[in-house]
Amino acid sequence: MVEIQEEQEKKPRCLLIGSPPKKKGVIQEEPDELKDLFSKLCMEIAGVMVLTRIEPTPAYGLGKGKVQEIADMAKETFADCIIFDWEIDPTKQRNWEKLTNIPVFDRNEVIIRIFAQRAQTKEAVLQVDLARLTYSLPRLSHTYGDLARQRGGSYGAKGSGETQLELDRRQIEDKILQIKKELNQIIVNRQVQRKQRERNAMPSCALVGYTNAGKSSLLNALTGADVFVEDKLFATLDPTTRKLSLAEGSFILLTDTVGFISNLPHTLIDAFKSTLEEAAFADLLLITVDASDSHCKEQYAQVLSVLEEIKADSVPRLVILNKCDLIEGNELAVSELDAAFPDAIKVSAKSHEGFEKLLERITERLLGTQALFKIPMSQNSLVELARKNGTIIQEEWQEDCIVLNARIPGTIDQNGNASTRTLAMLMKYLVQ
């Protein structure tokens, strides 16, 4: 009984294959991110092999010598499966499994499985199911050893009938259609909620960034929310919106979004499109960067790439260097971050360091810079316009004019043109 229990509790052993460096002459490091992803699946690492180059061959995607080396290493290390740190197509996956007689996965499948573990709400479960089914559809045949199994029909009569593979494929396609219908209804509900927020004319911010950069911790620290926080990848899959208080009694909406990762599978991008769109509809993006991560510059570049893919690259943004308390005293790291992110705001969700400056910058970008206006009595309707679209800090009615100390959204370019209608109408009454 003890041996049976130990066998059941035994973790699968996997051989990790790291991708070669993108630039020639650069020594590729071990796939730390894949290891981190892999550790979330409760498996053991049987071995790691980092490739120096890839020879694109039709059968395996690698040269014959390297293919045999990987197969031998999997056998020597008693690996139960092989995981590649890049996407492999279904044909190559089947060839690898026939050669090694063990399951073979790629980076995309690992990420989808982690998403499946993290999904809690109905929307997240549906989105992950859609991504998983879409990914598995072209890979169905590798799950069957005998594709000749059939149902129905008789020889010489109505044909041989459908194979099990065809039946399963049709069932998956029907399931995908059903999930898409349910997700479309959720999307409609989100659009209704978004329109209600727009009618309230309350500006919105979206926290975006690489996974595990501390976005949920920032949301909790800034708004007093109770969003689930844990030091792990993709802890948050659902967008959470909370009200954030700014200066002069103003409020904005702050939304936490799903984290990005390099080579995020397109099936997940498509499935989480409605969730990721929260960033595209925001008035301001708060791009959160983990200052303590040595790969933060590469991660920031990946975030910009995903924002471009979801058509959110034109939204105004602020860069936030989070977890700065972890690099205090490391002058080299601080100077490198200053050079890479010169306009970034350094904060710590744990100690609330830098929050005052962050709120000030958000206020300026969304509510406008504080300014003084002298409005003639004949134009007193502009006061109501400023009250509706901006924030009036002080209002004084004098004999010949109305003096307003207010924040008006918008900016003025080098040619003196205002970016918003309200600011354009009040500009000529601005006190320099």
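Calculation rules
- Residues numbered from 1 in each chain as written.
- Predicted model: local features only at pLDDT ≥ 70, side-chain atom pairs only at ≥ 80, totals over all residues.
- Heavy atoms only, no water.
- Helix = DSSP H or I, 4+ residues; strand = E, 2+ residues; numbered from the N terminus.
- Buried < 20%, exposed > 50% of the residue type's maximum accessible area, 1.4 Å probe, protein only.
- Contact = heavy atoms within 4.5 Å.
- Pairing = 2+ DSSP bridges.
- Right-handed = clockwise from strand over helix to strand, strands pointing away.
- Polar contact = N/O pair within 3.5 Å; in protein donor to acceptor, adjacent residues only side chain to side chain.
- Disulfide = S-S within 2.5 Å.
- Axes fitted to C-alpha atoms, helices over the stretch in contact; angles between N-to-C directions.
- Parallel < 35°, antiparallel > 145°, perpendicular 65-115°, else oblique.
- Left-handed = near helix turned anticlockwise from the far one by under 90°.

A.B. asks: Whenever I open this one, the environment of Leu359 confuses me. Can you help?
C.D. replies: Assignment of secondary structure puts Leu359 in helix H13 (residues 355-367). Residue Leu359 is classed as partly exposed on the basis of its relative accessible area of 25%. Between the C-alpha atoms of Leu359 and Ser245, which are 114 residues apart in sequence, the distance is 8.9 Å. Apart from residues no more than four positions distant in its own chain, Leu359 is found in contact with Leu222, Leu244, Ser245 and Leu246.

A.B. asks: How should the pairing of strand E11 (residues 317-322) be read in this particular structure?
C.D. replies: Along a regular strand, successive side chains alternate from one face of the sheet to the other. For E11, the tally of buried residues reaches 5 of 6 residues, placing the bulk of the element in the interior. Across 6 bridges, strand E10 (residues 284-290) lies against E11 in parallel orientation. Bridge pairing in E11 places Asp290 opposite Asn322. Assessed by its sense of winding, the connection that carries the chain from E10 through helix H11 (residues 296-309) to E11 is right-handed. Two elements, E11 and strand E12 (residues 345-346), share 2 bridges in a ladder whose sense is parallel. Within E12, the position partnered with Ile320 by the bridge is Ile345. For the crossover that starts at E11, traverses helix H12 (residues 331-340) and ends in the parallel E12, the hand is right-handed.

A.B. asks: Before we go on, may I ask you to explain the side chain of Ser216 in this structure?
C.D. replies: Mapped onto the secondary structure, Ser216 falls in helix H8 (residues 215-223). Engagement of the side chain of Ser216 in a polar contact is seen with the side chain of Asp256, the distance being 2.5 Å.

A.B. asks: What should I look at first to understand the state of the cysteines in this one?
C.D. replies: Structurally, a disulfide amounts to a covalent bond that connects the sulfur atoms of two cysteines. Considering all chains together, one arrives at 0 disulfides under this definition. Of all cysteine sulfurs, the one in Cys296 lies closest to Cys324, which takes part in no disulfide; the gap is 9.8 Å.

A.B. asks: Can you walk me through the pairing of strand E3 (residues 81-84) in this structure?
C.D. replies: A two-sided burial pattern is seen for E3, the buried positions comprising Cys81 and Ile83 on one face and Ile82 and Phe84 on the other. Bridge count for strand E1 (residues 13-18) against E3 is 4 bridges, and the pairing is parallel. For Ile17, the partnering residue across the bridge sits in E3 and is Phe84. Taken together, the 3 bridges between E3 and strand E4 (residues 104-106) define a ladder with parallel strand orientation. Residue pairing in the sheet places Ile83 in a bridge with Phe105 of E4. The parallel pair E3 and E4, bridged by helix H4 (residues 90-100), forms a crossover whose chirality is right-handed.

A.B. asks: Could you clarify how one ought to interpret the packing of helix H3 (residues 64-76) against H4 in this entry?
C.D. replies: Helix packing for two helices is described by the angle between their axes and how far apart those axes are. Between H3 and H4, whose axes approach to 10 Å, the crossing angle comes to 55°. In terms of axis orientation, H3 runs oblique to H4. The handedness of the crossing between H3 and H4 is right-handed. Contact residues: Val67, Ile70 and Ala71 in H3; Trp96, Leu99 and Thr100 in H4.

A.B. asks: Could you clarify how one ought to interpret the sheet that holds strand E2 (residues 44-50) in this entry?
C.D. replies: Whenever strands of a sheet pair, they do so through backbone hydrogen bonds, lying parallel or antiparallel. Pairing is parallel across the open sheet formed by 4 strands, whose spatial order is E2-E1-E3-E4. Looking along the sheet, the strands with just one partner apiece sit at the ends: E2 and E4. The mean inter-strand angle of the sheet, taken between neighbouring strand axes irrespective of direction, is 20°. Contacting E3 and E4, H4 crosses the sheet at an angle of about 145° to E4. Its contacts with the sheet put helix H5 (residues 107-118) on E3 and E4, and the angle it makes with E4 is roughly 80°.

A.B. asks: Just checking my understanding: could you explain the sheet that holds strand E9 (residues 251-256) for this structure?
C.D. replies: Read across the sheet, 6 strands follow the order E8-E9-E7-E10-E11-E12 without closing on themselves; strand pairing throughout is mixed. Two strands in the sheet have a free side with no partner beyond their single neighbour: strand E8 (240-245) and E12. As judged from the 6 bridges shared by E8 and E9, these two strands associate in the antiparallel manner. Each bridged residue has a counterpart across the sheet, and for Ser245 the counterpart in E9 is Phe251. Docked against the sheet, H13 engages strand E7 (204-209), E8, E9, E10, E11 and E12, running at close to 170° with respect to E11.

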